[in-house]
Amino acid sequence: MKIDVLTIFPEFFREVFNFGIVRRARSANIVEITVYDIRSFTTDKHRMTDDRPFGGGDGMVMKCEPIFNAVEKIVGTTERENYPQGTRVVLLSPQGRVFKQVVARKFAEDAKHIVLICGRYEGVDERVNEVLVTDEISIGDYVLSGGEAAAIVLTDAITRLLPNALGSETSAENDSFTNNLLDCPHYTRPPEFRGMRVPEILLNGNHAEIERWRAEKALEKTKKVRKDLLEGVEK
Ligand code: ADE
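Asker: Before we go on, may I ask you to explain the site of the ligand in this structure?
Answerer: Surrounding the ligand, one finds 13 residues, the nearest of these being S93, I139, G140, Y142 and L144. One of the backbone nitrogen or oxygen atoms of Y142 is found 2.8 Å away from a nitrogen atom of the ligand. Here L144 contributes a backbone N or O atom positioned 3.0 Å from a nitrogen atom of the ligand. Coverage of the ligand by the protein chains reaches 97% of its 260 Å² of free accessible surface. Elements represented by at least two residues in the shell around the ligand include exactly β5 (87-98) and β8 (135-138).

Set out below in structure tokens:
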């Protein structure tokens, strides 16, 4: 899988993909992540990536030209219908559909090349959306100062679902949101800390009982904080 990030703040990403599962997946060539500076695709003297909005109003809008140039270079074409199979060009913005574990799974299964465009300022020239973008995605109902943090979220959530990204000792099977449930609680040593005991059942080695306890706790927690997941209703 190839993931390319387009941003006006490449420095933002300097270390963030160098830890844990993402780092390991990169080292094992499971994922190849490249961060591109949108400014390097400008052609004007002042290397402008943004400009004032037509029609007036506050803030600046990201120009379409450098983003078209970048996609042309990275994907090979700006014609969405001619993108190589498995190519997704994603615009991160609060106007997009909300990113969920099912979306991460779909990307991990179907996509070969993901280009993440980090919006900034008041927005991105809509022609980017109209022509280049296959998916406009938001990571939640709040406004960030830019799509960079969202690009990190998508990269992490998708990478860990790629085949062999999680070591054999872990798996995504029991992750929260799999089967519409939150994960159960976890404990490790010591068995007693400041008077707080680990639930006895986890110490008795009866795996069938432990599995039952975990399923019960997962359901309890989901009922308590995310009833919407059980009802299959969007919150
Ligand atoms: N850019 C600004 N807010 C965002 C959000 N909630 N999700 C994705 N990109 C964003």
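Asker: Would you mind going over unusual backbone geometry with me for this structure?
Answerer: Backbone phi values are negative for most residues with the exception of glycine, while trans is the configuration of most peptide bonds. Note the cis peptide between R189 and P190, where omega equals 5°. One can find P190 in the loop between α5 (148-159) and β9 (192-193). Look at N180: it is not a glycine, yet its phi comes out positive at around 55°. Residue position: N180 is located in the loop between α5 and β9. We classify N180 as partly exposed; its relative accessible area is 39%.

Asker: Looking at this structure, how should I read the environment of L219?
Answerer: Looking at the element boundaries, L219 is found in helix α6 (residues 207-225). On a C-alpha basis, the gap between L219 and K100 in space is 19 Å, while along the polypeptide they are 119 residues apart. If sequence neighbours within four positions are ignored, L219 has contacts with L181 and L230.

Asker: For this particular structure, what's the right way to read helix α3 (residues 101-110)?
Answerer: Of all the residues in α3, the buried ones are Q101, V103, A104, F107 and A108. Viewed end-on, α3 has its buried residues packed into an arc of 160°, placing them on one side of the element. Along α3, exposed side chains directed more than 90 degrees from the buried face belong to V102 and E109. Summarising the contacts, the buried residues of α3 are in contact with β5, β6 (113-118), β8 and α5.

Asker: What should I look at first to understand the packing of aromatic side chains in this one?
Answerer: The description of two aromatic rings rests on the distance between their centres and on the angle between their planes. Considering all chains together, one arrives at three aromatic pairs under this definition. Where F12 meets F13, the ring centres are 5.6 Å apart and the plane angle is 55°; that geometry is what we call tilted. With relative accessibility at 42%, the residue F12 sits in the partly exposed group. Consider the rings of Y36 and F41, whose centres lie 6.2 Å apart with planes at 55°: the pair is tilted. Residue F41 is classed as buried on the basis of its relative accessible area, which comes to 12%. Counting every residue linked through ring pairs, the aromatic cluster contains F12, F13 and F17. Residue placement shows R88 over the ring face of F107; its charged tip is 4.3 Å from the ring centre.

The rules behind each value
Residues numbered from 1 in each chain as written. Predicted model: local features only at pLDDT ≥ 70, side-chain atom pairs only at ≥ 80, totals over all residues. Heavy atoms only, no water. Near = heavy atom within 4 Å. Polar contact = N/O pair within 3.5 Å; in protein donor to acceptor, adjacent residues only side chain to side chain. Areas by Shrake-Rupley, 256 points an atom, 1.4 Å probe, with all protein chains shown as cover. Helix = DSSP H or I, 4+ residues; strand = E, 2+ residues; numbered from the N terminus. Buried < 20%, exposed > 50% of the residue type's maximum accessible area, 1.4 Å probe, protein only. Contact = heavy atoms within 4.5 Å. Arc of directions from axis to C-beta. Phe/Tyr/Trp six-rings, centres within 6.5 Å; stacked < 30°, edge-to-face > 60°. Lys NZ or Arg CZ within 6 Å of the ring centre and 35° of its normal.

This is a description of form; function is not addressed.
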